Amino acid sequence: MSFICSLSGESPNEPVISAKTGRLYESRLLQKYLSENGQHEPQTTHALTPDDIIPVHSDPPTVKPRPPTLTSIPALLSTFQNEWDALVLETFSLKQQYHQVRQELSQALYQNDAACRVVARLMKERDEARQALATLQAQVAAVEPVAPVAAQPDTMEVDAVADPAQQYYDTAAETAKTLSKGRVKREVPVDLTSPEAWKTAAESSVISSLHSTTKPGITALDVDQSGSLLLTAGMDNHAEVYSRTTDTVVATLKGHTKRLTSALWLGGGGLDASIVTASADKSVRLWVPKPGNAAGWVKKNIVKHHNAEVVGLSLHPSG
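Below is a short write-up of the structure.

Scoring rules and cut-offs
Residues numbered from 1 in each chain as written. Predicted model: local features only at pLDDT ≥ 70, side-chain atom pairs only at ≥ 80, totals over all residues. Heavy atoms only, no water. Patch = residues over 30% accessible without salt bridge, like charges linked within 9 Å, V, L, I, M, F, W, Y side chains within 5 Å. Areas by Shrake-Rupley, 256 points an atom, 1.4 Å probe, with all protein chains shown as cover. Salt bridge = Lys/Arg side-chain N within 4 Å of Asp/Glu carboxyl O. Helix = DSSP H or I, 4+ residues; strand = E, 2+ residues; numbered from the N terminus. Expected span 1.5 Å × (residues − 1). Buried < 20%, exposed > 50% of the residue type's maximum accessible area, 1.4 Å probe, protein only. Contact = heavy atoms within 4.5 Å. Axes fitted to C-alpha atoms, helices over the stretch in contact; angles between N-to-C directions. Parallel < 35°, antiparallel > 145°, perpendicular 65-115°, else oblique. Left-handed = near helix turned anticlockwise from the far one by under 90°. Nonpolar A, V, L, I, M, F, W, Y, C, P; charged D, E, K, R; others polar. Pairing = 2+ DSSP bridges. Core = buried A, V, L, I, M, F, W, Y, C linked by side-chain atoms within 4.5 Å.

1. Re a nonpolar patch on the surface
Piece 1. A grouping of Ile73, Leu76 and Phe80 is seen on the molecular surface, where their side chains present a nonpolar patch of about 260 Å² in accessible area.
Piece 2. Among the secondary structure elements, Phe80 is positioned in helix H2 (residues 74–142).

2. A word on H2
Piece 1. Compared with an ideal rise of 1.5 Å per residue, which puts 69 residues at 102 Å, H2 spans 101 Å between its outermost C-alpha atoms and is within 8% of the ideal.
Piece 2. Taken as a whole, H2 has its buried residues at Leu77, Asp85, Val88, Leu89, Phe92 and Thr135.
Piece 3. For H2, the elements touching its buried residues are helix H1 (27–37).

3. Points about the packing of H1 against H2
Piece 1. Their axes nearest at 11 Å, the elements H1 and H2 cross at an angle of 60 degrees. If you check the angle between H1 and H2, you find them oblique. Every pair of crossing elements has a handedness; the one defined by H1 and H2 is right-handed. In this structure, H1 contributes Arg28, Leu29, Lys32, Tyr33 and Glu36 to the contact, and H2 contributes Gln81, Asn82, Asp85, Ala86, Val88, Leu89, Phe92 and Gln96.
Piece 2. Its residues assigned to classes, the contact of H1 with H2 comprises six nonpolar, three polar and four charged.

4. Here's the deal with the pairing of strand S4 (residues 218–223)
Piece 1. Here five bridges tie S4 to strand S5 (residues 229–234), and the two strands are oriented antiparallel to one another. Looking at the pairing, Ala220 lines up with Ala233 of S5.
Piece 2. Connecting S4 to the antiparallel partner S5 that follows it, the hairpin turn spans five residues, and Gly227 within it adopts a positive phi of roughly 80 degrees.

5. Points about the nonpolar core
Piece 1. In terms of nonpolar packing, the biggest core is built from 15 residues, with Leu231, Val241, Leu253, Trp265, Ile275 and Trp297 touching the most fellow members.
Piece 2. Put simply, the parts of the chain that give this core at least two residues each are S5, strand S6 (239–243), strand S7 (248–253) and strand S8 (260–265).
Piece 3. Core analysis: the next-biggest nonpolar cluster, separate from the first, contains 13 residues, Val16, Leu29, Leu34 and Val88 among them.

Below you can see the structure in the form of structure tokens.
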């Protein structure tokens with residue numbers, strides 16, 4: 001029967017067993033550990049007294065083979081034995097310290113991760129508060145105070161203050177009347193493509209690499225009246241104007257911070273027409289042609305009254 005010491009990991013010469021935990025030790029190593037570290041059993045907090053140490057006797061007793069140099073240099077072997085005992089005890093102490101340091105490191109990493117999460121949440125709440133404040137300031141600035149109307153004599157008529165919303169409503173109503181009159185007499189265009197012709201339609205060309213390849217995807221498309229210019233909105237936060245005649249990108253409209261959801265020509269489109277873009281960053285931007293007949297468009301106005309992403313644009317028939 002073989003025994004292994006819990007301290008040295010080797011077969012003990014004088015095995016003893018702890019009555020508290022039932023672990024096996026080398027008697028000499030256990031006594032040395034208790035004399036140096038107090039009356040506590042290794043790896044536990046149990047107090048260990050001489051009555052708790054039970055010697056183990058094997059029948060028949062096992063005898064380790066003696067080294068060939070034991071009879072010639074006993075003093076040297078005794079020194080080596082003492083050094084080995086000290087090394088084993090030191091290794092055991094290092095293992096305990098290593099385990100304690102690992103526990104402390106795990107606790108520190110957990111606290112650091114929790115602190116990072118709290119900081120990230122606070123920064124998010126700060127950014128949302130700043131954005132809400134900026135939106136509120138823009139709404140307050142957009143509301144112009146109406147000057148009080150002075151009291152007029154009864155014999156004078158008071159002119160009504162013009163309401164922009166009422167003007168837009170009147171324009172929309174007038175446009176609806178005009179269109180409804182011609183809707184009844186409207187005829188199908190002669191050059192309208194028939195369903196049979198669409199069944200034989202085939203791909204004529206492919207336009208590639210209009211937008212960034214890191215965030216690929218086109219979310220909206222609009223064509224001008226001439227059919228030579230294409231306006232596209234992409235996932236890369238940009239809008240681009242493409243010329244079919246020259247097969248080149250005429251301009252790139254940059255300014256949105258998130259993907260575009262819609263892009264629209266105004267006035268039928270063209271190099272001299274304005275452009276409107278909508279984005280998931282809760283804003284709508286109006287772009288006008290550059291002054292001085294320069295190619296491209298510049299940002300003119302930004303609408304930030306939405307509380308969520310703008311998902312579409314539509315132009316009223318009145319323009």
